[in-house]
Structure formats: structure tokens, C-alpha cells
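As a plain string of letters, each chain reads:
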2 protein chains.
Amino acid sequence: MVSTMSTPVEKQKKLLELLDDDDIRELITELGLYHPADIAEFLQFLLPHEKKLVFSVLDTKTAADVIVELDDATLDLILKDIQTKRLSEIVDDLESDDAADIIEELPDDRAQEVLDRISDEDAEEIQKLMGYDEESAGGIMQAELASVREDESVASAIEEVREMSTEVEDIHSVYVTDRMGRLVGVLPLRKMILSSPKVPVSTVMEKDPISVTVDIDQEEVARIVKKYDLVAVPVVDAAGKLVGRITIDDVVDILEEEATEDIIKLAGATDDEYAWSSSVLRSAGTRLPWLFASWIGGLFVSLIIGYFRNTLTEVVVLAAFMPVIAGMGGNVSAQSSTLVVRGIAIGSIDVKRLGSVLFRELRVGIILGVTYGILLGIVAHFLYLDIVRLWLVVGLGIFASMTIASGMGTLVPIILHKIGVDPAVASGPFISTTTDILSILMYFTLATVIILR
Amino acid sequence: MVSTMSTPVEKQKKLLELLDDDDIRELITELGLYHPADIAEFLQFLLPHEKKLVFSVLDTKTAADVIVELDDATLDLILKDIQTKRLSEIVDDLESDDAADIIEELPDDRAQEVLDRISDEDAEEIQKLMGYDEESAGGIMQAELASVREDESVASAIEEVREMSTEVEDIHSVYVTDRMGRLVGVLPLRKMILSSPKVPVSTVMEKDPISVTVDIDQEEVARIVKKYDLVAVPVVDAAGKLVGRITIDDVVDILEEEATEDIIKLAGATDDEYAWSSSVLRSAGTRLPWLFASWIGGLFVSLIIGYFRNTLTEVVVLAAFMPVIAGMGGNVSAQSSTLVVRGIAIGSIDVKRLGSVLFRELRVGIILGVTYGILLGIVAHFLYLDIVRLWLVVGLGIFASMTIASGMGTLVPIILHKIGVDPAVASGPFISTTTDILSILMYFTLATVIILR
């Protein structure tokens, strides 16, 4: 363990100097003083050949601790480069969930080679974990845990902790099962310390512990761990048998991953892009779907404007207000949809009362629409005095656009959520495009009716 | 502890029925079977008078466990309604950090009344915590922790755990100090269980534990806890003296809070809106700043279009492509800025090499710009064959817009980050407005040069 007193940047400078000087012996000594998480952070931004070099000088134990902390791009690179023998040794040292994650990254033949080289028992455990859906409780749990039968003594529980300590570090509780292996209780270490070693665990354990089943989604696992302030949650199968546990550090990663996914998806991109080392062309490719949807929407808008060409030719200055009207609608729909999408995700919106949420957002949209309608009407009046009814068209146009936007921005994510589609994925493109089309359509209809009738 | 087998929705239905039937006795019995976090979740969406009623029937211990889990709106309501005597009893039962959070919500005179009613020692501890910046390590830490001197025995450490257990539940380690009170080690419960009670703690503790100082920002605390996979981190003052600890459940809340803040700010809104019970007018008010900035930007765009009125009168169909050109620019800038803002926040972007990030995003923008430039050029050519050079203007216009957008979307958050401003707050409005202005300016300049020269 290292103190955090010297900043990561200072630490990294020292390592970079040794690397630049090609002083491998000193580099190895220095790396020995670092926390694996610091080494992983240091590796992230090195050049590919530097990454390979630094990783190659780590001893197996450290390499195992580092490999689980690597960013995706660095992990890819290391896995492509590493020899099967060394990789097998590292995997042998990993906890089962981490081992499964690493092996899933490998091509099938290489995965098999690695599994062949590690102990049968471990390989079986890992393959079992790989059988679960990657985003389910089974997919993120680890098989290593401390458990005793309810009729055993606290002394046995202590012995179990001793044995497991050689395999895993973060034991906070011993799980208690009945003779069928079904979870019946949990014995926190704190209680274990304060109990007489002779009493049966059943007399001191906490009964009916909070648990999750293997098949539930990882987001639900995170929600439960967060809600009940747990540091680990036991995982049971359909029959209630204890099969694994999920620790808080994995839950923290899931929460951050899901938040990032939501943010990025709302902007119509994917977080695959964080592999900055991946090709620019691939990056451009991942952004295409939304852009294409939005482009098609833009063509529709252009056709609508083309349809109203006569109105526009008559009063060409109408064009000057199109961007502000469409833009303000876009802004309001982004605000509404983001609040609703995130509100559903963190549970601050009551999904049973979405009607009232819609009604509320609509009223906000109307207030904003009236405000900016009057403001823009006044400005239009002063900028282009010669056209008498223009300010009315522009004012009503922006009012309509902002009201429609708040309605669409609220309604679309709600409907998507109701029909079981992730609102974060589909909301952005659909809402902004639809709002654009409806805003411009309303604007020119108003213009045609009010000015040209 | 309750099992999660019956879903929260089913549980809440039962409670709602009892509430509707006004069966208070049965409601009290039923609430006794629920986890405090479930009660808090149940309270969130009740009517105000129902919230007050349900909270009022909880015993002090449960009320204390529930009050720390309440959403902001419900907490406000309860605090306004509750009698000072009952509130003091509840606060007396809270851990110091939670007590400080609650008291900070009260008007000054009421806060003093509550502090006067609880023990001097507790009041002093709470006031000390309230002295720290709310978003610093000091502001989120709790004073309750288990600690022993390094020259004491493991048996003393066990005795310390026994004593602290009456006050706090989540003890995972005993912290070890020297005679000056400075943190020198940490003894995880797991090691304590496996050691002989007679040996001095200094021989079995982990030395140089990771710690944070009172004054660092809560985001930095969260980063450290996450990075090193900790379940709690000790807090020291400038002299290295142990003053508190921060537990993982608070860190999880911080991570979620910060992510939500980022998402909402990027869309130009504030998360104050999640107090859905607050007035619609106030909600509209919180959205005004960005909308106003964006409105001013929209007026600029309208002036630019006004300036090019002659070009537009000549070729009125130019207006038809304005929305798709500005819109695609807006999309690309939203993608780029979101990726950069979130990338900086979660550390997946190397802040030391932001130049290369900019260069990369620009290349992505150029590829996208060329693709859609060609596509739109072709469409324009088929839609409006009569104007020969139009397809060139439109194609180049969308290319320029998308390239500018990717540049602005990357550069602005980078610069904001460099000068120490949170990129999430300021990026959205500034980038979208600037991109709009530049895109339309480029488009009409191109049109004037190519078509009318």
C-alpha cells in the first residue's frame, strides 16, 4: 500500500524518466513500490511498445492485480501480445469473475489453451461463470466466498475466513447456508469477532439477508446494493442455493459505466469511442446511425420549406427566424428529455405517475414558450418594422416550437420506458428530429395563414 | 433485514392499502417489517399529509434510519413539520455526518435549538463537521470510527470494535495511530480475526494506509476510493492526525450525484428540478439562463441571415437547407463535447495530451463532413436541378459546419478544463450557439461567393 501524499502525476514522472532512460532494473524496483491501480493508470497513456515493456517486467501476482484495472484499449494490446503460458499463470492468480472477464476477451482457441493450462477446478468455475449473461448478476459475481453451514460453530467460520484469505482479500462476511446449500443468513466479521467461538453460527447470524438471483440485470444489482448500503451481496440460484457474491467495487464500476452510457447515448454517440487508440474511421462509423437519422429528418424539413417556397419568396425575412425557432425547440426538448431519462434511471421520477410528469413539463414548456414568444415578437417588431404581422408569426412560432418540444421531450422517453426500450438510446435522435420537423411546419403554416391569407 | 424476493412494488401496494383504510395500528406493524430504505422509497411518492402521517408513526431508531435515505423534497417537508423535541431525539441517533447534514438544512435558530438538546460532546462533533466545506472530505466524513494506538494489543482493538458497534454498524477496519494521534496503519477485521489477541497491533497492521486529507474535494475522494477499491478511507488533518472516515456508501452517492449533475448540465438544465414538488414557475426559471444565451445566439444568426438577405432573395431555396446544415453541426458538436466532457470526468482522456484528442476529433469531423457533404450535394442536385452550383454550396456548407462543430465541441471543454472551469456547466450553451453562428455564416458566405459572384 502506498500513501496518496505524492500525487499520481509526480509518481508518473519518475516512472517516465526511468522508462526514457531505459533503466529497466531501476524501473522494476520502482514499480514494486506502486499500487497496482497506479501502475494501470500509468500504463493507460504510454505508447504501445512502452505498455508491452512495462507489463512484461511485472511479476505474476502484480500483473494479475494490474490486468483487472486496465482500460479496454491497453487490455486489448496486452492480450494480443502476451504469451499463453504467462497469461495462464496470471489468470490462475485472478478471482473467478475477473478471470472469466479476461478469457471472454480472447479468441476461442486461445481461451481454450488458457483454460487447459489452469487447474480443472478453476477452469470449471470460470466456464460456469462464462455461461451467464454478461450483464446479469451471474455474469458479474465471483465464485470465491466464505461460507459455513448454520449448525457449525463460530470457530469454524473463523477457520473458513483463514482459508479464504489466501484466495481473496475483501471478505466482510461469512455466508451461512442450510444443509441443502441454501442461503439462510450472513455473519458479518464484526459479529464474529464479538461472539464466543463455541456458539453455533445460527445463533449469532443475521437472518434473511438481502440477496439477488443469478439472472437479474446488473443495473438492478447496483440499485439494490446502493439502496441498502451493502458492501457485498450474495447471489443465489432459482432454488435459493448460494452460488456467488458481488462486491461493492464491481457495483461502483457498473454505476459509472451505466451513467457514462446514458450520457453518451443521449448525445447520439457510443462509449466505444473511449478506445482512443481505435481508428478514426471506426470512430466516425459509430456516430453514423444517429447522424443519418437526423440527416433524413433534416431533408424532411428541407422539403417542408420547399413546399412553403411561395410564402418564403413573398416574405424572405421569415428565413432569418427559422434557426432561433428550431434551436429553442431543440434546447427545450434536450432539457426535458434529459431530465426524464436520468430521472427514470436514478428513480427520482415516479414511473407510475408519468402522466403528471408530462403535464408538469408541458406547463413549464408553455411558460417558457410564452416568455420567449413575447421577447422574440418584440425583437422582430423592432428589427423589421415594415412587415406588420411578422412579429405575431415569429412569436407564435417560437411558442409553438417550445411547447411541442417540452411535450415530445417528456412523452417519448416515457413511452420508450413503458414499452421496455432504454429511453437513453432512442430518445435523442428521435426527439430532436421530430421537434425540428413539427416546429418548422407550425412556423410556416402560421406564416401562410397570418401573412398571406 | 428483509428479503428482496417480494418486489418493492408489491410491498408498497400493501402499505398503500393500509394507508387508504386509515388502519394506523396495522400500518405500524407492517412498517416494522420493512427496511428503512424501503420506507424512504415508499414515502417519496406519497401526498404531503400522507408523508407526515407515516413518518410520525415511526419509532425514533427507524425514523433516524429513514431520514438519511429521504429524497430532498420529502426531507424538506418532514423537517418543516417535525417538532424540535422529536427531531433532537432522531439527530441524537444519527451518525455525525448525517446529523450535520440534517442540521445544515434547518434555519439557524432551529439548528441551535436542536444542538442545545443533544449531548455536548455530540453537538461539538457535529459543529466541527459543519465547519468544513460541504463538498470536501471533511464535509462528508463521519467522526465515528474505531481506532487504537499502535502499542496496544489486538485484544484492545477487539474491545474497541465492541464499543463502537453500539454506535455504528459498518466497521470494516480499526485504524491505528501513534501517540500523537497520527494515522500509521490500518487493521482490517479479517486480519484481527486471524491474529493472536496478545500481539501488539503494530505487528499485524497494514502500514502506510491510503488516506485523504480533510480539505480535498469530494470528487477526488470518490476517485481514490474507486481506484483503490476501498470500502472506507480514513481522513487526516494537515498534521496527519486521524479525524474521521468516509465510507463507500457515501462515495457511491457522490459518484451518482456527480454523474447526474454532468448529464443535466450538459443539457442546460439543473438537477434542482428533481424536486418535482417545487413550483412549475421555479422550474421554468432554472432553465432560463441557457435558453437566454441560446436565444441571444439565435438573434445573431437571424442578423447574419438578414445581412445576406440579397443572396437569399436571389436563391430562396437556400433557406430549405439551413436547418439540416445547422442541425448536423449541432449533432456533431454535441457528440464531441459529450465524449470529451465525460472522458475528462472519468479519466479516460489524457488531460496532458489534449492536443492529440483535438486532432483526432477534427479528423472524425472531417470524415463525417465529407460523407454528408457528398450525400447532401447529391440530394440537392436531384431536388433542385435548375440551380447549377447549389449542390456545391450545400455540400461544402454541411462539410464546413460539421468540421467546425467537431473542433468547437472538443476545443471548448478542453480550454474550460485547462482554466479550471467545470466543462459540463459551460460547454452546452456556448458550443451549440457558436457552432450555429459559424455554420450559417460559412453557408451564406459560400453561397454568395459561389452563386452570386
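Nothing here was measured: the structure is a model prediction, and the numbers come from that model. (Residues numbered from 1 in each chain as written. Chains lettered and ligands numbered in written order. Predicted model: local features only at pLDDT ≥ 70, side-chain atom pairs only at ≥ 80, totals over all residues.)

1. Things to note about the overall build of chain A
Secondary structure assignment for chain A yields 22 helices and 7 strands. Its C-alpha atoms give chain A a radius of gyration of 30 Å, more than 25% over the compact-globule value 22 Å for 453 residues. Along the first, second and third principal axes, the C-alpha set of chain A runs to 95 × 60 × 45 Å. Sorting the 453 residues of chain A into buried and exposed places 48% on the buried side. Within chain A, counting contacts between residues at least 6 apart in sequence, those at least 24 apart form 68% of the total. (Helix = DSSP H or I, 4+ residues; strand = E, 2+ residues; numbered from the N terminus. Rg over C-alpha atoms; globule rule 2.2 N^0.38 Å. Buried ≥ 20, exposed ≤ 12 C-beta atoms within 10 Å, placed from the backbone. Contact = placed C-beta atoms within 7 Å.)

2. Some points on the domain arrangement of chain A
Often the size quoted for an interface is simply the accessible area lost on bringing the parts together. Each assigned domain of chain A is listed here: domain 1 (8-135), domain 2 (147-247) and domain 3 (279-452). Centre-to-centre, using C-alpha coordinates, domain 1 of chain A lies 49 Å away from domain 3 of chain A. (Domains from an automatic or database assignment.)

3. Thoughts on the sheet that holds strand 2 (residues 173-177) of chain B
Residues and elements named next belong to chain B. Across the sheet, which stays open at both edges, the 4 strands sit in the order 1-2-3-4 with mixed pairing between neighbours. Across the chains shown, the open sheet's two edge strands, defined by having one partner strand only, are strand 1 (147-149) and strand 4 (206-207). Bridge count between strand 3 (residues 183-188) and strand 4: 2 bridges; the pairing is antiparallel. Counterpart to Val-186 in the pairing with strand 4 is Glu-206. Running at roughly 155° to strand 1, helix 12 (residues 154-165) makes contact with strand 1, strand 2 and strand 3 of the sheet. (Pairing = 2+ DSSP bridges. Axes fitted to C-alpha atoms, helices over the stretch in contact; angles between N-to-C directions.)

4. What about the relation of the copies chain A and chain B?
Between the two copies, chain A and chain B, the superposition gives an RMSD of 0.1 Å; the rotation angle is 180° and the shift along the axis is 0.1 Å. Viewed as a symmetry operation, the transformation between the two copies matches a two-fold axis. (Least-squares fit on C-alpha atoms with pLDDT ≥ 70 in both.)

5. Remarks on the environment of Ala123(A)
Residues and elements named next belong to chain A. Relative to the assigned elements, Ala-123 resides in helix 10 (residues 120-130). According to the C-beta neighbour criterion, Ala-123 is partly exposed, with 19 such atoms within 10 Å. Expressed as a C-alpha distance, the spacing of Ala-123 and Ile-304, which sit 181 residues apart in the sequence, is 62 Å. When neighbours within four sequence positions are excluded, Ala-123 is seen to be in contact with Leu-115 and Ile-118.

6. What about helix 15 (residues 218-227) of chain A?
Burial of helix 15 of chain A is extensive: 7 of the 10 residues sit out of reach of the surface. Inspection of helix 15 of chain A places Gln218(A), Val221(A), Ala222(A), Arg223(A), Ile224(A), Val225(A) and Lys226(A) among the buried residues, and these make up the whole buried set. Buried positions along helix 15 of chain A lie against helix 11 (137-140), strand 5 (212-213), strand 6 (232-236), strand 7 (242-247) and helix 16 (248-266) of chain A together with helix 16 (248-266) of chain B. Directly beyond the C-terminal end of helix 15 of chain A, a positive phi value near 50° is found at Asp229(A).

7. Examining the interface of chain A and chain B
On the side of chain B, 98 residues touch chain A, which itself brings 97 residues to the contact. With 18 residues, helix 19 (residues 318-346) of chain A is the largest single contributor of residues to the side of chain A that touches chain B. Class assignment of the residues belonging to the side of chain A that touches chain B gives a composition of 56 nonpolar, 21 polar and 20 charged. (Nonpolar A, V, L, I, M, F, W, Y, C, P; charged D, E, K, R; others polar.)

8. Description of the sheet that holds strand 4 (residues 206-207) of chain A
Sheets are built from strands paired through backbone hydrogen bonds, the pairs being either parallel or antiparallel. Residues and elements named next belong to chain A. An order of 1-2-3-4 is seen for the 4 strands of this open sheet, with the pairing classed as mixed. Each edge of the open sheet carries a strand with a single partner, namely strand 1 (147-149) and strand 4. Taken strand by strand, helix 12 (residues 154-165) contacts strand 1, strand 2 (173-177) and strand 3 (183-188), and its axis lies near 155° from that of strand 1.

9. Some points on helix 17 (residues 280-307) of chain B
An ideal rise of 1.5 Å per residue puts 40 Å on 28 residues; helix 17 of chain B measures up with 39 Å between its terminal C-alpha atoms. At Leu288(B), helix 17 of chain B is bent by approximately 45°, the largest bend along its length, and proline Pro289(B) sits one to four residues beyond. (Expected span 1.5 Å × (residues − 1). Bend = angle between axes of the 7 residues up to and from the residue.)

10. Points about the packing of helix 17 (residues 280-307) of chain A against helix 19 (residues 318-346) of chain B
Taken N-terminus to C-terminus, the directions of helix 17 of chain A and helix 19 of chain B make an angle of 160°; their axes are 7 Å apart at the nearest point. Here helix 19 of chain B runs roughly antiparallel to helix 17 of chain A, going by the angle between their axes. Handedness of the helix 17 of chain A/helix 19 of chain B crossing: right-handed. Where helix 17 of chain A approaches helix 19 of chain B, its residues Arg287(A), Trp290(A), Leu291(A), Ser294(A), Trp295(A), Gly298(A), Leu299(A), Val301(A), Ser302(A), Ile305(A) and Gly306(A) are matched on the opposing element by Ala319(B), Ala320(B), Phe321(B), Pro323(B), Val324(B), Gly327(B), Met328(B), Asn331(B) and Gln335(B). Taken together, the residues of the contact of helix 17 of chain A with helix 19 of chain B break down into 12 nonpolar, 7 polar and 1 charged. (Parallel < 35°, antiparallel > 145°, perpendicular 65-115°, else oblique. Left-handed = near helix turned anticlockwise from the far one by under 90°.)

11. A word on the confidence of the model for chain A
Residue and element names in this part refer to chain A. Averaged over all residues, the pLDDT of chain A equals 87, while 94% of them reach at least 70. Taken element by element, chain A is modelled with least confidence in helix 1 (residues 8-20), mean pLDDT 80, and with most confidence in strand 6, mean pLDDT 97. Every residue in residues 1-5 is under pLDDT 50, and counting partners more than four places away or in other chains gives 15 contacts. This complex was scored by the predictor with a pTM of 0.82 and an ipTM of 0.81. (pLDDT = per-residue confidence, 0-100.)

12. A closer look at the packing of helix 19 of chain A against helix 20 (residues 354-383) of chain A
Each pair of packed helices can be described by the angle between their axes along with the distance between the axes. All names here are of chain A. Following both chains from N to C, one finds helix 19 and helix 20 inclined at 160°, their axes separated by 12 Å at the closest point. One element, helix 19, and the other, helix 20, form an angle in the roughly antiparallel class. Relative to helix 20, the crossing made by helix 19 is right-handed. Between helix 19 and helix 20, the residues in contact are Phe-321, Val-324, Met-328, Val-332, Ser-336 and Val-340 and Val-357, Glu-361, Gly-365, Leu-368, Tyr-372, Leu-376 and Ala-380, respectively. Taken together, the residues that form the contact of helix 19 with helix 20 break down as 10 nonpolar, 2 polar and 1 charged.

13. Some thoughts on the pairing of strand 6 of chain A
Residue and element names in this part refer to chain A. Taking burial as the measure, the 5 residues of strand 6 include 5 buried ones, the bulk of the element. Side chains Ala-232, Pro-234 and Val-236 project from strand 6 onto one buried face, and the interleaved Val-233 and Val-235 project onto a second face that is buried too. As paired elements, strand 5 and strand 6 share 2 bridges and run parallel to each other. Looking at strand 6, one finds that Val-212 is bridged to Val-235. By the bridge criterion, 5 bridges tie strand 6 to strand 7 in an arrangement that is antiparallel. For Val-235, the partnering residue across the bridge sits in strand 7 and is Gly-244. Between strand 6 and strand 7, which pair antiparallel one after the other, the connecting turn spans 5 residues, and Gly-240 there sits at a positive phi close to 85°.

14. Things to note about unusual backbone geometry
One non-glycine residue, Asp229(A), adopts positive backbone phi at about 50°. In this fold, Asp229(A) is placed in the loop between helix 15 and strand 6. The backbone of Asp22(B) shows a phi angle near 60°, a positive value even though the residue is not glycine. The topology assignment puts Asp22(B) in the loop between helix 1 (8-20) and helix 2 (24-31).

15. Brief notes about the pairing of strand 3 of chain B
Residues and elements named next belong to chain B. By the criterion of burial, strand 3 is predominantly enclosed, with 5 of the 6 residues buried. Inspection of the sheet shows strand 2 paired to strand 3 by 5 bridges, in the antiparallel sense. Looking at the pairing, Thr-177 lines up with Leu-183 of strand 3.

16. As for the environment of Ile437(B)
Residues and elements named next belong to chain B. Positionally, Ile-437 belongs in helix 22 (residues 423-452). C-alpha of Ile-437 to C-alpha of Ile-304: the two residues are 133 residues apart in sequence and 8.0 Å apart in space. When residues no more than four places from it in sequence are discounted, the contact partners of Ile-437 are Gly-297, Phe-300, Val-301 and Ile-304.

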